[in-house]
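Read off the chains here:
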Amino acid sequence: MDIGLCYLDGNADVVEFCPHDGFQNILAACTYTLQEGDQPSRLGSISLFDVNSVTRALNRVCYVETAGIFDIKWNPVRGVASPLIAQADAGGCLRIHALEFSSDGLEPAGSVLKETTGIQVSSSMCLCTDWNQSGTSLSTGLSDGSVSVSSLTDSQLIEDQQWKAHDFEVWAASFDTHQPSVVYTGSDDCKFRGWDLRDGPSMPVFLNSRAHTMGICCIVKNPNDPYTLLTGSYDEHLRVWDVRSISKPVNETSVCLGGGVWRIKYHPFIKDLVLTACMHNGFAIVKLRDGNPEVIETYNEHGSLAYGADWQRRRSGQEDLGKNNLVVTCSFYDKMVRVWIPKTDMLS
């Protein structure tokens, strides 16, 4: 069931609901637009929307022009941490934006987003970013095959290390949610690697170059299971891994989703349920069912490349967990953002 839709001013490629209490109605939607010519430029924007599921309205409350954005991530909810957005952009920068509070602390302030810090990571483009679970470090994948890890301390970003991790573009660089020193990376070179930051970046702790027949687009650790990890690839497969045997994918199972698996999002409260953006084949909701993925619903209301997808993180009673799940998706060339409710009972 469609709740609402809107069009952005540029090519829509990332959407994320804010996970923080009191701000879970806030949706961030980002763009990347290549302007060709003698001096081509890559422009982008962040739009914040107040999503009202009752009136089916998406009210834009903030708009920020910036360099072309490949990825954003809200910081994880930990203690009294304020909502922050990390931005990986085409200018080679990693930037942090703060969602400001009003005087009563319950609603966003008038200016809403404020850039608090940023660093020039590289002359190459920043393609992806991810927070560690404490919200103190960020990993960033670069278009020259490098990976950067930076610390956020006292509202300042400092790069800790950068190394050549792959031969081609790094589209995925994700922290392990259960092992904070471990970073997983995937690239257009089809190689899937893991790195232990305590050992330095000289050698990966594992390398798998056989499983993916095309480039790796995303890597996501199961937040409810210390051993399960998912990868998505241009080869159209969603793969399930057991990190205890990740160098030899003997426990690997996969499902073909009919399009390059660009983004994977675990449901915030329902175990083993994921939302996927499948590029040329719309969006799919997949139930893992003890590690065996099964598509339980598809969504094909968009008209171009399916890139961005997320769940709203609003907690309800157990009887409502399988219903009224709010989903946001976006597509690239038609500049469209849609908010909708899946038809399927997620608990069945």
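As the structure is a prediction and not an experimental result, all values here were calculated from the model.

Points about the overall build of the protein chain
Next up, step 1: Scanning the protein chain from N- to C-terminus turns up zero helices and 28 strands.
Next up, step 2: Relative to a compact globule of 348 residues, whose C-alpha radius of gyration would be 20 Å, the protein chain shows 19 Å and is just as compact.
Next up, step 3: Summarising its shape, the C-alpha atoms of the protein chain cover approximately 50 × 45 × 45 Å along the three principal directions.
Next up, step 4: Taking all 348 residues of the protein chain together, 59% fall into the buried category.
Next up, step 5: Sequence-distant contacts in the protein chain: of pairs separated by 6 or more residues, those separated by 24 or more amount to 49%.

Comments concerning the packing of aromatic side chains
Next up, step 1: Enumeration according to the criterion identifies 13 aromatic pairs in this entry.
Next up, step 2: Between Tyr184 and Phe206, the aromatic rings sit 6.0 Å apart at their centres with planes inclined by 45 degrees, giving tilted as the arrangement. Linking Tyr184 in strand 15 (residues 182-187) with Phe206 in strand 17 (residues 206-208), this pair joins segments that are 22 residues apart in sequence. Comparing Tyr184 with Phe206, the two get one shared label, buried.

Considerations on the sheet that holds strand 11 (residues 137-142)
Next up, step 1: As summarised here, the arrangement of the four strands in space is 10-11-12-13, forming an open sheet in which the pairing is antiparallel. If you trace the sheet from one side to the other, it starts and ends with strand 10 (126-131) and strand 13 (156-164), each paired once. Sheet twist, expressed as the mean angle between neighbouring strand axes with direction ignored, is 20 degrees.
Next up, step 2: Here eight bridges tie strand 12 (residues 146-153) to strand 13, and the two strands are oriented antiparallel to one another. Bridging from a neighbouring strand, Ser150 pairs with Glu159 of strand 13.

Points about the UniProt feature "repeat: WD" (unreviewed entry) in the protein chain
Next up, step 1: With numbering matched to this structure, UniProt assigns "repeat: WD" (unreviewed entry) to residues 209-245.
Next up, step 2: In residues 209-245, helix accounts for 0% and strand for 49%; the two terminal C-alpha atoms are 14 Å from one another.

Quick word on the pairing of strand 10
A regular strand places its side chains on the two faces of the sheet in alternate fashion.
Next up, step 1: In terms of residue burial, strand 10 counts as a mostly covered element, since six of its six residues are buried.
Next up, step 2: Alignment of strand 10 against strand 11, held across five bridges, turns out to be antiparallel. Paired with Cys128 across the two strands is Gly141, which belongs to strand 11.
Next up, step 3: Between the antiparallel neighbours strand 10 and strand 11 lie five residues, among them Gly135 with a positive phi of about 70 degrees.

Concerning the sheet that holds strand 20 (residues 237-242)
Next up, step 1: Strand order in this open sheet of four strands is 18-19-20-21, and the pairing throughout is antiparallel. If you trace the sheet from one side to the other, it starts and ends with strand 18 (216-221) and strand 21 (253-256), each paired once. Within this sheet the neighbouring strands show an average axis-to-axis angle of 20 degrees, counted without direction.

Quick look at the side chain of Asp196
Next up, step 1: Tracing the backbone shows Asp196 in strand 16 (residues 192-196).
Next up, step 2: Among the polar contacts made by the side chain of Asp196, one reaches the side chain of Ser181 at a distance of 3.2 Å.
Next up, step 3: A polar atom in the side chain of Asp196 sits 2.7 Å from the side chain of Arg198.
Next up, step 4: With near-sequence residues (within four places) excluded, Asp196 lies in contact with Ser181 and Val205.

Points about the state of the cysteines
Next up, step 1: All told, the structure shown has zero disulfides when counted by the stated rule.
Next up, step 2: With no disulfide of its own, Cys190 lies closest to Cys217 among cysteine sulfurs, the gap being 10 Å.

Considerations on the side chain of Thr231
Next up, step 1: Summarising the element assignment, Thr231 is placed in strand 19 (residues 228-233).
Next up, step 2: In this structure the side chain of Thr231 is engaged in a polar contact, spanning 2.9 Å, whose partner is the side chain of His212.
Next up, step 3: Among residues more than four places away in sequence, those in contact with Thr231 are Phe192, His212, Cys218, Ile219, His237, Leu238, Arg239, Trp241 and Ile264.

A short note on the pattern of salt bridges
Next up, step 1: The tally for this structure, following the rule as stated, stands at 13 salt bridges.
Next up, step 2: Across the pair Arg289 and Glu294 runs a salt bridge whose closest N-O atoms are separated by 2.7 Å.

Things to note about unusual backbone geometry
Next up, step 1: With a phi close to 50 degrees, Asp154 is a non-glycine residue in the positive phi region.
Next up, step 2: Within the secondary structure, Asp154 is located in the loop between strand 12 and strand 13.
Next up, step 3: Overall, the relative accessible area of 73% leaves Asp154 in the exposed class.
Next up, step 4: Even without a glycine there, the phi angle at Ser155 is positive, about 65 degrees.
Next up, step 5: Within the secondary structure, Ser155 is located in the loop between strand 12 and strand 13.

Focus: the environment of Val183
Next up, step 1: Relative to the assigned elements, Val183 resides in strand 15.
Next up, step 2: Residues contacting Val183, with those up to four places away along its chain left out, are Ser139, Ala173, Ser174, Phe175, Arg193, Gly194, Trp195 and Leu197.

The rules behind the values
Note on numbering: residues in each chain are counted from 1, in written sequence order. Since the coordinates come from a predicted model, pLDDT governs what is reported: local features require at least 70, and pairs of side-chain atoms require 80 or more to be given and counted, while whole-chain, interface and lining totals use all residues. Hydrogens and water molecules were not included; the side-chain quantities draw on all heavy atoms of the structure. The secondary structure listing takes helices from DSSP runs of H or I that are at least 4 residues long and strands from runs of E that are at least 2 residues long, numbered from the N terminus. We compute the radius of gyration from the C-alpha atoms alone; for a globule the expected value is 2.2 Å times N to the 0.38, where N is the number of residues. Note on classification: 1.4 Å probe, protein chains only; a residue is buried when its accessible area is under 20% of the maximum for its type, exposed when over 50%, partly exposed between these limits. What makes two residues a contact is simply this: any of their non-hydrogen atoms within 4.5 Å. Classification of ring pairs rests on two measures: the distance between centres of Phe, Tyr or Trp rings, Trp counted by its six-membered ring, which must be within 6.5 Å, and the angle between planes, read as stacked under 30 degrees, edge-to-face over 60 and tilted in between. One bridge is not enough; two strands pair if DSSP finds at least two bridges between them. Simply put, an axis is a line fit to the C-alpha atoms, just over the touching stretch for a helix, and the angle between two N-to-C directions goes from 0 to 180 degrees. UniProt positions are given in the numbering used here, feature names are shortened, and annotations may be inferred rather than shown by experiment. We call two N or O atoms a polar contact when they sit within 3.5 Å, provided that within protein one can donate a hydrogen and the other can accept it, with sequence-adjacent residues counted only if both atoms are side-chain atoms. The term disulfide is used for any two cysteine sulfur atoms that are within 2.5 Å. For this document, the term salt bridge refers to a Lys or Arg side-chain nitrogen within 4 Å of an Asp or Glu carboxyl oxygen.

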